[in-house]
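# Coordinate inspection notes
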Amino acid sequence: MAGRINDDDVKAVRDAVPIDSVVSEYLQLRNAGGGNLKGLCPFHDEKSPSFQVSPGKGLFHCFGCQEGGDTIAFVMKIDHLSFSETVERLAAKAGITLRYEEGGYNPSHQRGERIRLIEAHQAAADFYVRALESPEAEIGRKFLAERGFDQDAATHFRVGYSPAGWDHLTRYLRGKGFSDKELITSGLSQDGRRGPIDRFRGRLMWPISDTAGEIVGFGARKLRDDDNGPKYLNTPETPVYKKSQVLYGIDLAKKDIAKASRAVVVEGYTDVMACHLAGVTTAIATCGTAFGNDHIKILRRLLMDNGSARVIFTFDGDSAGQKAALRAFEDDQKFAAETYIAIAPDNMDPCDLRLAKGDDAVRDLVEPRTPLFEFALRQIVGRYDLETPAGRAAALDEAAAVVAKIKTSSVQREVAVQLAGFVGILDQEFVVHRVAQLARWARDKGGDGRGDPRGGRGPGGPQDRRGGTPQQSAPAPAAPSGPALNLRSPAHRTERELLKLALQKPALVSPAFDAYGADEFTAPPYAAVRQCIAEAGGAERGLGDNREYLVAVMDAAPNNTVRSLVTELAVEVFMGRTIDETYAGMQLVHVRLRAVDRRINEVQGSLARLGSNVAPDDLAAAQNEVWVLQQYAQSLRAKGADAL
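Residues numbered from 1 in each chain as written. Predicted model: local features only at pLDDT ≥ 70, side-chain atom pairs only at ≥ 80, totals over all residues. Heavy atoms only, no water.

### Details of the sheet that holds strand S5 (residues 59-62)
What counts here: By definition, two strands form a pair when at least two bridges between them are found by DSSP. Runs of H or I in DSSP of at least four residues are treated as helices and runs of E of at least two as strands, each being numbered from the N terminus. To define axes, lines are fitted to C-alpha atoms, for helices over the stretch in contact only, and angles between the resulting N-to-C directions are given on a 0 to 180 degree scale. The criterion used for residue contact is that any of the two residues' heavy atoms lie within 4.5 Å.
Spatially, 5 strands are ordered S2-S3-S4-S5-S6 in an open sheet, and the strand pairing comes out antiparallel. The outermost strands of the open sheet, each flanked by one partner alone, are strand S2 (30-33) and strand S6 (68-70). Each strand axis lies, on average, 25° off the axis of its neighbour in the sheet, ignoring direction. One ladder, built from 4 bridges, connects strand S4 (residues 51-54) with S5; its direction is antiparallel. Looking at the pairing, Gln52 lines up with His61 of S5. Contacts from helix H25 (residues 560-571) reach strand S3 (36-39), S4, S5 and S6 within the one sheet, and its direction differs from that of S5 by about 105°.

### Section: the pattern of salt bridges
Stated formally: What counts as a salt bridge is simple: a side-chain nitrogen of Lys or Arg found within 4 Å of a carboxyl oxygen of Asp or Glu. Residue burial is assigned from relative accessible area. The probe radius is 1.4 Å, only protein chains are included, and a residue is buried under 20% of its type maximum, exposed over 50%, and partly exposed in between.
According to the stated counting rule, one finds 37 salt bridges in the structure shown. Note that Asp15 and Lys11 form a salt bridge whose closest N and O atoms lie 2.8 Å from each other. Of the two residues, Asp15 and Lys11 are both situated in helix H1 (residues 7-16); the distance of 4 residues between them amounts to about one turn of the helix. According to the relative accessible area criterion, Asp15 is partly exposed, its value standing at 32%. Lys11 gets classed as partly exposed once you look at its relative accessible area, which sits at 26%. The salt bridge partner of Asp359 is Arg354, with a shortest N-O separation of 2.9 Å.

### Comments concerning the packing of aromatic side chains
Operational definition: Pairing of aromatic side chains here covers Phe, Tyr and the six-membered ring of Trp, requires ring centres within 6.5 Å, and sorts the geometry by plane angle: under 30 degrees stacked, over 60 edge-to-face, intermediate tilted. The rule for a charge over a ring is simple: NZ of Lys or CZ of Arg within 6 Å of the ring centre, and within 35 degrees of the ring normal.
Per the counting criterion, the structure on display carries 16 aromatic pairs. With a centroid separation of 5.5 Å and an interplanar angle of 25°, the aromatic rings of Phe51 and Phe60 are classed as stacked. Stacked on the ring of Phe43, the Lys or Arg Lys77 has its end atom at 5.7 Å from the ring centre. Sitting over the face of the ring of Tyr516, Arg592 holds its NZ or CZ atom 4.0 Å from the ring centroid.

### Comments concerning the sheet that holds strand S18 (residues 370-371)
Taken in spatial order, the 5 strands line up as S15-S14-S16-S17-S18 in an open sheet, and their pairing is mixed. With one partner strand each, in any of the chains shown, strand S15 (283-285) and S18 form the two edges of the open sheet. Across 3 bridges, strand S14 (residues 262-266) lies against S15 in parallel orientation. Counted as the bridge partner of Val266 is Ala285 from S15. Across the sheet, helix H12 (residues 269-277) lies against S14 and S15, angled at about 175° from S15, the strand it touches most.

### Considering the environment of Val311
Checked against the element boundaries, Val311 lands in strand S16 (residues 310-313). Spatially, the C-alpha atom of Val311 lies 8.5 Å from that of Ile341, the residues being 30 residues apart in sequence.

### A look at the confidence of the model for the protein chain
What counts is decided by this rule: Each residue carries a pLDDT value, the predictor's own confidence for that position, ranging from 0 to 100.
Here the protein chain shows a mean pLDDT of 84. Residues at 70 or above account for 88%. Long-range and interchain partners of residues 104-110, a stretch whose pLDDT sits below 50, account for 13 contacts in this model, where long-range means more than four residues apart. Counting contacts from residues 447-484, a segment whose pLDDT is below 50, to residues more than four positions away or on other chains yields 81 contacts.

### So, the packing of helix H6 (residues 113-131) against helix H9 (residues 168-175)
If you want to describe how two helices pack, look at the angle between their axes and the distance between the axes. Inclusion rule: For classification purposes, angles smaller than 35 degrees are called roughly parallel, those larger than 145 roughly antiparallel, those between 65 and 115 roughly perpendicular, and all remaining angles oblique. In this scheme, a crossing is called left-handed if the near helix is turned counterclockwise away from the far one by less than a right angle; it is called right-handed if the turn is clockwise. As a working rule, the residues Ala, Val, Leu, Ile, Met, Phe, Trp, Tyr, Cys and Pro are called nonpolar, Asp, Glu, Lys and Arg charged, and the rest polar, with Gly in that last group.
Running from N to C, H6 and H9 cross one another at 125°; their axes reach a closest spacing of 10 Å. The angle between the axes of H6 and H9 places the two elements in the oblique class. When the axes of H6 and H9 are compared, the crossing they make is right-handed. Contacts between H6 and H9 involve Ala120, Ala123, Ala124, Phe127, Tyr128 and Arg130 on the former and, on the latter, His168, Leu169, Tyr172 and Leu173. Considered class by class, the residues forming the contact of H6 with H9 number 8 nonpolar, 1 polar and 1 charged.

### Points about the pairing of S2
Of the pairings in the sheet, the one linking S2 to S3 comprises 3 bridges and is antiparallel in character. Directly across from Gly33, in S3, lies its bridge partner Asn36. In this structure, the hairpin formed by S2 and S3 is closed by a connection of 2 residues, where Gly34 is found at a positive phi of approximately 65°.

### Things to note about the nonpolar core
To keep things clear, this is the line we draw: Take the buried Ala, Val, Leu, Ile, Met, Phe, Trp, Tyr and Cys residues and link them wherever side-chain atoms come within 4.5 Å; each set so joined is a nonpolar core.
Leu144, Val159, Leu204, Trp206, Tyr248 and Met273 are the most contacted members of the largest nonpolar core, which has 45 residues in total. If you tally residues by element for this core, the top one is H12, at 5 residues. Discounting chain neighbours no more than four positions away, the residues touching Met273 are Phe149, Ala153, Phe157, Val159, Trp206 and Tyr248. Core analysis: the second largest hydrophobic core is formed by 38 residues, Leu59, Ile533, Val553 and Ala570 among them.

### Quick notes on unusual backbone geometry
Residue Pro511 is bonded to the preceding Ser510 through a cis peptide linkage, with omega at 10°. Tracing the sequence through the fold places Pro511 in the loop between helix H22 (506-509) and helix H23 (524-535).

### Examining the pairing of S4
By the alternation rule, side chains of S4 split into Phe51 and Val53 and Gln52 and Ser54, which are all buried. By the bridge criterion, 3 bridges tie S3 to S4 in an arrangement that is antiparallel. Counterpart to Leu37 in the pairing with S4 is Val53. What sits between the antiparallel neighbours S4 and S5 is a turn of 4 residues, in which Gly58 has the positive phi angle 70°.

### Details of the environment of Gly640
If you trace the backbone, Gly640 turns up in the segment after helix H27 (616-639). We classify Gly640 as buried; its relative accessible area is 19%. Remark: the alpha-carbon pair of Gly640 and Gly585, spanning 55 residues in sequence, is separated by 7.2 Å. Here Gly640 is in contact with Val589 and Ser635, once residues within four sequence places are set aside.

In structure tokens form, the structure reads like this:
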């Protein structure tokens, strides 16, 4: 059995890898104020960024779906890894050697499946790169040279070659300690008559990486006429490779996509290479499948869907390219970015265009030209004879049905007006009415609703989900189970602020906070967080290593609901402008004063109910308690935090 990772090593890994650098591998982060960063949540669809990262605390929290935690929790969630797999991956990134307790640990046999498969792909990529230098790979080097790619280009994109024999790679990876089961599961090998054989043989190889830059698969191009396989052969679906969830070149392009708020979608591996070498470093491509929903999600997290974002598709002008454009238009509304299509002269792809006309022509090609909706509608309208009334009517019927799928009414109307011009119908309002009618019919049949299709919620403060007004019409995700919090209640607001101070700035409230009981917090979820802080050693523990303290508080949480609230409070901005000892003292006093007033009311109410039935000694004790509490309350009101 694999040994347990040493606790000190886990802490070292958690401290060594900044959470913002890890999260930035998957989405674009921007300043959210208060030392926090924000972005579009990778765990649910949303229009406005409600996902926040606190680099100083090493935590993330999404105010939309309530996911939260530290760096380890983020990687576990987004890459579906176990705890040990995640720590091992982050340790490798940080250069930390892990120690294992309980003995008998053998990394080559007991590491997690995903890590093993990633390591197999990395070893395979190195093998293929070296094989490209062999005499047998001359045909591959010639293929690249004929398309304008020299050795430096091949090295930059890690292009390689798979030898033509049956099991060259399989034997190599076996020698590296990988089992036959791992090789089959990875898709690098396949079952043969006498055991595993190489899946890719005699082909040019492109490694396909995920957003984090880890190689998860390969694209293989046929080179010889006697190869009876398809022109391009990709890795099959595996635990680490899902073709609908990968984009070739995303590891190289993601930073520039985020920086420029622009992405260029091309159709092949060589097109990505040509674009990048020509200076269009935001180019990416799908891997043997149509551009779809999961690809959109990847790009949206990088683009942040701001108003200046652009997505440019470079589909061929042939029938297949036109169909691809229409499919992309169906998904167009899932972007807040503006979408365009670029078609090169003579229907050349970027690789051919670079060969024929140079880098400048490629850069010029991807400058936004034709809006995608315009291209898609013109393709539909172009199939009809617009010189006849019947042709115009038929074109309108087909195109209007497409425009009716646009959910945003203002955009739908604008496109409908332009459709009237494409078809040649002078009465624009007739076309607008027709489109709206089709949209109503679709809704009545249950096809489409009125809400914003992009989903998500407003910018993620607690008011958005606990008593506040929703910022858009899309249905909100279900709230976590447990009592609702009413932030219109002054008591709840103050208790929330005090807990935020205890988690984020414990020095401002310690040691006074640690004398507060959980019963001083009127909201059960807040009382639960207070109990977690106590079990973690109190706010005083946060005076040392704040990250270790927050991890201890999360570990003390009895369930995911409370744990989520801890991360939420640990990253949420404060309500006040100046967060100092005076502000902290006010929160401490208000929470304590309300608790004292509640106790006074409880005792007096109990005495009133009992009336003359109370024993003299009990009456005297109760009256004395009320007097002491009243004096304490008066002191709190007069002296503030000095009376605590």
